[in-house]
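# What the coordinates show
Residue strings, one per chain:
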Amino acid sequence: MSYGFGIRREHELAEQLTHMFDNKGMLLSVYQFDEGGAQVRVHDDEMKVQIIVVINEDLTFEIVTPNKKPKKLKQINSVVNNVLKLYNR
């Protein structure tokens, strides 16, 4: 998936994650930062942020949840599986 010249790779990964989570019926918001990096936020039914997936400039991922240490991952499929487990609790 390409969005033209000047779009950062981590922004494309955020877009890809959004499509993967959207297919599961999750409420999402996406933040893409000009200086690099992106975030995909997963909300509950009341629009409170439950899970944040940070996409770093080095194309690694961090899953951030309340009251837990951030989990660092390198594979997008691992991110999806981990977020789905957290979301379904």
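Rules used in this analysis
Residues numbered from 1 in each chain as written. Predicted model: local features only at pLDDT ≥ 70, side-chain atom pairs only at ≥ 80, totals over all residues. Heavy atoms only, no water. Pairing = 2+ DSSP bridges. Helix = DSSP H or I, 4+ residues; strand = E, 2+ residues; numbered from the N terminus. Axes fitted to C-alpha atoms, helices over the stretch in contact; angles between N-to-C directions. Contact = heavy atoms within 4.5 Å.

All right, on to the sheet that holds strand 3 (residues 49-55) then. Strands sit in the order 1-2-3-4-5 across an open sheet of five strands; the sheet is antiparallel. Two strands bound the open sheet, and with one partner strand each, they are strand 1 (27-32) and strand 5 (71-73). Pairwise comparison of adjacent strand axes, ignoring direction, gives a mean angle of 20 degrees for this sheet. Pairing between strand 4 (residues 61-64) and strand 5: three bridges, direction antiparallel. Across the sheet, the residue bridging to Glu62 is Lys72, located in strand 5. Lying on the sheet, helix 1 (residues 9-22) is in contact with strand 1, strand 2 (38-43), strand 3 and strand 4; it crosses strand 1 at an angle near 175 degrees. Against the sheet, helix 2 (residues 76-87) engages strand 1, strand 2, strand 3, strand 4 and strand 5, with an angle of about 5 degrees to strand 4.

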